[in-house]
Amino acid sequence: MSIEIKNVFKTYKNGDEYTEVLTNISLTIGDGEMVAITGPSGSGKSTLMNIIGCLDRPTKGSYLLEGQDTGGLNDKKLAAIRNEHIGFVFQSFNLLPQYTALENVELPMLYANTSPGVARKKAREALITLGLEQRIKYKPNQLSGGQKQRVAIARAIVNTPSVILADEPTGSLDSKTGKEVLEVFKTLNKSGKTVIIVTHDPAIASETNRAVKIKDGVIEEV
Ligand SMILES: Nc1ncnc2c1ncn2[C@@H]1O[C@H](COP(=O)(O)OP(=O)(O)OP(=O)(O)O)[C@@H](O)[C@H]1O
Ligand SMILES: [Mg+2]
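Let us look at the structure shown here.

Cut-off values and rules
Residues numbered from 1 in each chain as written. Chains lettered and ligands numbered in written order. Predicted model: local features only at pLDDT ≥ 70, side-chain atom pairs only at ≥ 80, totals over all residues. Core = buried A, V, L, I, M, F, W, Y, C linked by C-beta atoms within 7 Å. Buried ≥ 20, exposed ≤ 12 C-beta atoms within 10 Å, placed from the backbone. Helix = DSSP H or I, 4+ residues; strand = E, 2+ residues; numbered from the N terminus. Contact = placed C-beta atoms within 7 Å. Pairing = 2+ DSSP bridges. Axes fitted to C-alpha atoms, helices over the stretch in contact; angles between N-to-C directions. Parallel < 35°, antiparallel > 145°, perpendicular 65-115°, else oblique. Left-handed = near helix turned anticlockwise from the far one by under 90°. Nonpolar A, V, L, I, M, F, W, Y, C, P; charged D, E, K, R; others polar.

Quick look at the nonpolar core now. Grouped together as the largest cluster of nonpolar side chains are 58 residues, with contacts concentrated most on Val105, Leu127, Ala154, Ile164 and Leu165. The biggest single contributor to this core is helix 5 (residues 145–157), with 6 residues. Sequence-distant contacts of Ile164, defined by excluding residues within four places in its chain, comprise Gly87, Val89, Ala156, Phe185, Leu188, Lys193 and Val195.

Further remarks concern the sheet that holds strand 7 (residues 163–167). In a beta sheet, neighbouring strands pair by backbone hydrogen bonds and run either parallel or antiparallel. Across the sheet, which stays open at both edges, the 6 strands sit in the order 6-7-8-3-9-10 with mixed pairing between neighbours. The open sheet has two edge strands with one neighbour each: strand 6 (86–90) and strand 10 (218–221). The sheet shows a mean angle of 25 degrees between the axes of neighbouring strands, direction not considered. In the packing of helix 5 onto the sheet, contacts are made with strand 6 and strand 7, and the angle to strand 6 comes to roughly 165 degrees.

The next point concerns the packing of helix 3 (residues 101–111) against helix 5. Running from N to C, helix 3 and helix 5 point in directions that differ by 25 degrees, and their axes come no closer than 8 Å. Classified by the angle their axes make, helix 3 and helix 5 are roughly parallel. For helix 3 against helix 5, the interelement crossing comes out right-handed. Here Ala101, Asn104, Val105 and Pro108 of helix 3 lie close against helix 5, whose contacting residues are Val151, Ala154 and Arg155. Split into classes, the residues belonging to the contact of helix 3 with helix 5 amount to 5 nonpolar, 1 polar and 1 charged.

On to the sheet that holds strand 1 (residues 3–14). If you walk across this open sheet you meet the 4 strands as 2-1-4-5, and the pairing is antiparallel. If you trace the sheet from one side to the other, it starts and ends with strand 2 (17–29) and strand 5 (68–69), each paired once. Looking at chain direction, strand 1 and strand 2 are connected through 9 bridges and run antiparallel. Bridge pairing in strand 2 places Lys10 opposite Leu22.

Functional significance is not addressed by these values, which are geometric in nature.
Written out as structure tokens, the structure reads:
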């Protein structure tokens, strides 16, 4: 899916105080691209990812997803777009500790009213794709960091989203494991998915087709 951010501003209000976090951001990402977003802590990377992922809205400006202006959509429609088209991966994996790898991948599908049999089949397939066939019944505390992140990626791709958003997905991993996880994203990108990765790691940014640098809410270089 193509992503078109046009003159986007984001301002947070705390009491009487306004903080402008994104200032006039314009960014177009074509269908099937793999892009890294870099920049110092607090520069607005996660804020931008939240807007791209339809978890939040711009204060001003427009965001078109596959040519459709999301500004006119209500929260329910935005949630539907998010569930159908976007997969999220986070630095801290966000797995539920009491559940197995299989259950963690199944859970979002069960919430979305997928039948339990279909959810189980899809979850198994996604975990096998990520090389975790032998770890399906393991709980998160029995998995290595890289394995946990692969479970989280399986969960993100199980609904076959066309866009994958990963916010510091290698931030909790050693560099070798981080490279392996990056290879998973590259494979997903080769299979046609649009992949956007926030990273502090120049070695990871240099492996993508394109790197966008944000500083103080402004795009510095593309
Ligand atoms: N809900 C909020 N209310 C007020 N300010 C916020 C809110 N969310 C984020 N901010 C502010 O917006 C700025 C950008 O935050 P953001 O999380 O986008 O940064 P980041 O580039 O992802 O940083 P990091 O690399 O540390 O994750 C920060 O100064 C933060 O304090
Ligand atoms: Mg962040």
